[in-house]
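Structural features, examined
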Amino acid sequence: MSDTTHDGAVALSTPPSADDGLTSAALAAKYGLTVSGARPGLFEYIRQLWGRRHFIMAFSRAKLTAQYSQAKLGQLWQVATPLLNALVYYLIFGLILGTRKGMTQEVFIPFLVTGVFVFTFTQSSVMAGVRAISGNLGLVRALHFPRASLPISFSLQQLQQLLFSMIVLAAVAIAFGSYPSLSWLLIIPALVMQFVFNTGLALIMARLGSKTPDLAQLMPFVMRTWMYASGVMFSIPVMLKDKPDWIANVLQYNPAAIYMDLVRFALIDGYGSGNLPAHVWIVALAWAVLAGLVGFVYFWKAEERYGRG
């Protein structure tokens, strides 16, 4: 369309548009536009995660393979590291400090090795979770995928590492007189619940670590304190029998101690149900469900903020 001005010039005019007066939100809704990286609904997010399940598995395996690729012994360090830790703890706590009170040598050594391996599973999952986002910013910023894939894959990596270690743990148990039995099958639900618990913690720490990288420097001290309070090197009820009952109860019902005791009970013949707190399986399940749900929702709430700023 055109109009003629008083001097004979022609001025073009634009016809009114159907979009005139619409807000940005209305325009986006009209043309089906969405914010890049916007957080999807919770159930849609779960569906997207399931769609990336092959990526999660492949990423965890690749990380596991690359972890010791520069070492000459390679993946043997997956087993050697916790075994060396167990040896050091045995020398210090078992021989020098005598923390094996109430246990024979045949029970204490598998007890100690089990505690070190199982607690290392939680410790490594938490530490990997802290760096899951902040340590993979290039991947987060380059590709669009559910960010929860990263902490979940790191927890899965630690589970695979623990399964390698379980071969050595079984050999230690057999060497000290605890032979395979049906009770060993109880290890499966115990580790499944611990994996869910660890994944929930990893998701929480991934969100916290994405904004506070210094958290990675603080967490080793937190985890070391947690280890000493969880009875990795000693029996909590025996060592605290002269203390108020509530102290032993608090330490026994903490999740790290719960999962260690369940695996010890399943694996070691001389470690009976009398060493376990009441309702231990229910408590283990409650910890797994609580940490898993809270961790997942807490991480999902900040989905659109990861990798920005």
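Below, the structure is looked at part by part.

Cut-offs applied
- Residues numbered from 1 in each chain as written.
- Predicted model: local features only at pLDDT ≥ 70, side-chain atom pairs only at ≥ 80, totals over all residues.
- Heavy atoms only, no water.
- Helix = DSSP H or I, 4+ residues; strand = E, 2+ residues; numbered from the N terminus.
- Buried < 20%, exposed > 50% of the residue type's maximum accessible area, 1.4 Å probe, protein only.
- Contact = heavy atoms within 4.5 Å.
- Areas by Shrake-Rupley, 256 points an atom, 1.4 Å probe, with all protein chains shown as cover.
- Core = buried A, V, L, I, M, F, W, Y, C linked by side-chain atoms within 4.5 Å.
- Salt bridge = Lys/Arg side-chain N within 4 Å of Asp/Glu carboxyl O.
- 1 Å grid on protein atoms, 1.4 Å probe; cavity = no way out; pocket = protein on both sides within 12 Å on 5 of 7 lines; lining within 4 Å.
- Points joined across faces, edges and corners; volume = space filled by probe spheres on them.
- Nonpolar A, V, L, I, M, F, W, Y, C, P; charged D, E, K, R; others polar.
- Phe/Tyr/Trp six-rings, centres within 6.5 Å; stacked < 30°, edge-to-face > 60°.
- Lys NZ or Arg CZ within 6 Å of the ring centre and 35° of its normal.

1. Notes on the overall build of the protein
Regarding its fold elements, the protein presents 13 helices and two strands. For the protein, the residues scored as buried account for 44% of the 309 residues in total. Within the protein, contacts between residues at least 6 apart in sequence are counted, and of these 77% link residues at least 24 apart. With an accessible surface of roughly 16400 Å², the protein has 67% of that area assigned to carbon and sulfur atoms.

2. Some remarks on the nonpolar core
Core analysis: the largest hydrophobic core is formed by 85 residues, its most contacted members being Phe119, Leu150, Met219 and Phe299. Per-element accounting of this core gives the leading share, 15 residues, to helix H5 (residues 105-130). What leucine 150 contacts, discounting residues up to four positions off in sequence, is Phe59, Ala132, Ile133, Asn136, Leu139, Val140 and Phe145.

3. Some remarks on unusual backbone geometry
Even without being glycine, histidine 279 reaches a positive phi, approximately 55°. In this structure, histidine 279 sits in the loop between helix H12 (255-267) and helix H13 (280-301).

4. Considering the pattern of salt bridges
Summed over all chains, the structure comprises two salt bridges. As a salt-bridge pair, arginine 47 and glutamate 44 come within 2.6 Å of each other at their nearest N and O atoms. Of this pair, arginine 47 and glutamate 44 are both found in helix H2 (residues 42-51), three residues apart, which corresponds to roughly one turn of the helix. A relative accessible area of 52% places arginine 47 in the exposed class. Of the charged contacts, one joins arginine 264 and aspartate 261 as a salt bridge, the two residues approaching to 3.4 Å between their closest N and O atoms. Of this pair, arginine 264 and aspartate 261 both sit in helix H12, three residues apart, which is roughly one turn of that helix. Each member of the pair, arginine 264 as well as aspartate 261, carries the same accessibility label: buried.

5. A few points about the layout of surface pockets
Its volume calculated, the largest pocket comes out at about 570 Å³. In this structure, the largest pocket is lined by 27 residues; those nearest its centre are Thr81, Thr120, Gln123, Ser124 and Gln158. Within the residue set of the lining of the largest pocket, elements represented by two or more residues are helix H3 (53-67), helix H4 (77-96), H5, helix H7 (149-175) and helix H9 (215-228). Broken down by element, the lining of the largest pocket gets its largest block of residues, nine residues, from H5. Residue classes in the lining of the largest pocket are distributed as 13 nonpolar, eleven polar and three charged.

6. Side note on the packing of aromatic side chains
For the coordinates displayed, the defined rule picks out eleven aromatic pairs. With a centroid separation of 5.7 Å and an interplanar angle of 50°, the aromatic rings of phenylalanine 197 and tyrosine 259 are classed as tilted. Of this pair, phenylalanine 197 sits in helix H8 (residues 187-211) while tyrosine 259 sits in helix H12; the two residues are 62 residues apart in sequence, bridging distant segments of the chain. Through successive ring pairs, a cluster of aromatic residues spans Phe55, Phe59, Phe145 and Phe154. Looking at arginine 147, its charged tip hangs above the ring of phenylalanine 145, at a distance of 4.8 Å from the centre.

Keep in mind these numbers describe shape, not what the thing actually does.
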